[in-house]
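The chain contents come next:
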Amino acid sequence: TTERTFSIIKPDAVAAKQTGAIIQMILDAGLTVKAMKMIRLTRPQAEGFYAVHKERPFFKDLVEYMISGPVVVSCLEGDNAIIRYRELMGATDPAKAAEGTIRKKFGKSIEANACHGSDGPDTAKVEMSYFFSSLEIVGE
Ligand code: CMP
């Protein structure tokens, strides 16, 4: 089934000029970009986006990192897009990510791990609507 997922190319990857290479990997994996923009997150936006992690020890650092520079947010579409994008990203910790994945190639640490992707259909909907209105999504 065709579905949509939400992606963030994180500040470390944007700063390292890896945005283009990551988008190319997404396209080569057969996913379609339905919406995309570069933004700099505010602290409240980053805290809200990662609210499920707010009790975790890494939350404060994660928010600081996510507001440290611009990110590229996008909506991706394809057959089983959520799982396929998670496979393309690789494990959260780049040191544990498989060869050929975005995080293996471009991740610097478990925090600065180059990209984010939704973990399921419900979070995908919430995350997409957090950053995009329906008017910003191609074909709607
Ligand atoms: P992401 O998929 O964006 O979801 C939460 C993020 O927290 C995760 O990727 C990592 O970048 C970051 N993070 C930092 N430390 C940890 C950790 N110890 N375990 C899991 N995620 C972490």
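Remember, it's a predicted structure, so these values are computed and weren't measured experimentally.

Rules behind the numbers
Residues numbered from 1 in each chain as written. Predicted model: local features only at pLDDT ≥ 70, side-chain atom pairs only at ≥ 80, totals over all residues. Heavy atoms only, no water. Pairing = 2+ DSSP bridges. Helix = DSSP H or I, 4+ residues; strand = E, 2+ residues; numbered from the N terminus. Axes fitted to C-alpha atoms, helices over the stretch in contact; angles between N-to-C directions. Contact = heavy atoms within 4.5 Å. Near = heavy atom within 4 Å. Polar contact = N/O pair within 3.5 Å; in protein donor to acceptor, adjacent residues only side chain to side chain. Areas by Shrake-Rupley, 256 points an atom, 1.4 Å probe, with all protein chains shown as cover. Nonpolar A, V, L, I, M, F, W, Y, C, P; charged D, E, K, R; others polar. pLDDT = per-residue confidence, 0-100. Buried < 20%, exposed > 50% of the residue type's maximum accessible area, 1.4 Å probe, protein only.

Trainee: Explanation requested: the sheet that holds strand 2 (residues 32-39) in the structure shown.
Mentor: Within a sheet, each strand pairs with its neighbour through backbone hydrogen bonds, oriented either parallel or antiparallel. With respect to topology, four strands assemble into an open sheet ordered 2-3-1-4, the strand pairing being antiparallel. Two strands bound the open sheet, and with one partner strand each, they are strand 2 and strand 4 (115-117). Here the strands of the sheet are splayed against their neighbours by 20° on average, with no regard to which way each runs. The pairing of strand 1 (residues 2-9) with strand 3 (residues 71-79) spans eight bridges and is antiparallel. Opposite Thr5, over in strand 3, you have Leu76 as the bridge partner. Sheet contacts for helix 7 (residues 121-131): strand 1, strand 2, strand 3 and strand 4; angle to strand 1, the most-contacted strand, approximately 55°.

Trainee: What's the story with the site of the ligand in this structure? I'm lost.
Mentor: If you check the shell around the ligand, you find Lys10, Tyr50, His53, Phe58, Leu62, Thr92, Arg103, Ile110, Glu111, Asn113 and His116 and nothing else. Lys10 places a side-chain nitrogen or oxygen 2.7 Å from an oxygen atom of the ligand. The contact in question runs from an oxygen atom of the ligand to an N or O atom on the side chain of His116, over 3.0 Å. Out of a free accessible area of 450 Å², the ligand has 79% covered by protein chains. Looking at side-chain class alone, the shell around the ligand contains four nonpolar, four polar and three charged residues.

Trainee: Looking at this structure, how should I read the confidence of the model for the protein chain?
Mentor: Do not read the predicted coordinates in detail wherever pLDDT is low. When pLDDT is averaged along the protein chain, the result is 97, and 99% of the positions lie at 70 or above. Among the scores for the predicted complex, ipTM is 0.95 and pTM is 0.97.

Trainee: So what exactly am I meant to see when it comes to the environment of Leu31 here?
Mentor: Among the secondary structure elements, Leu31 is positioned in the loop between helix 2 (19-28) and strand 2. Residue classification places Leu31 among the buried positions, given a relative accessible area of 3%. For the pair formed by Leu31 and Asp122, sequence separation is 91 residues and the distance between their alpha carbons is 19 Å. Filtering out sequence-adjacent residues up to four positions away, Leu31 remains in contact with Ile26, Leu76, Glu77, Gly78, Ala81, Arg84 and Tyr85.

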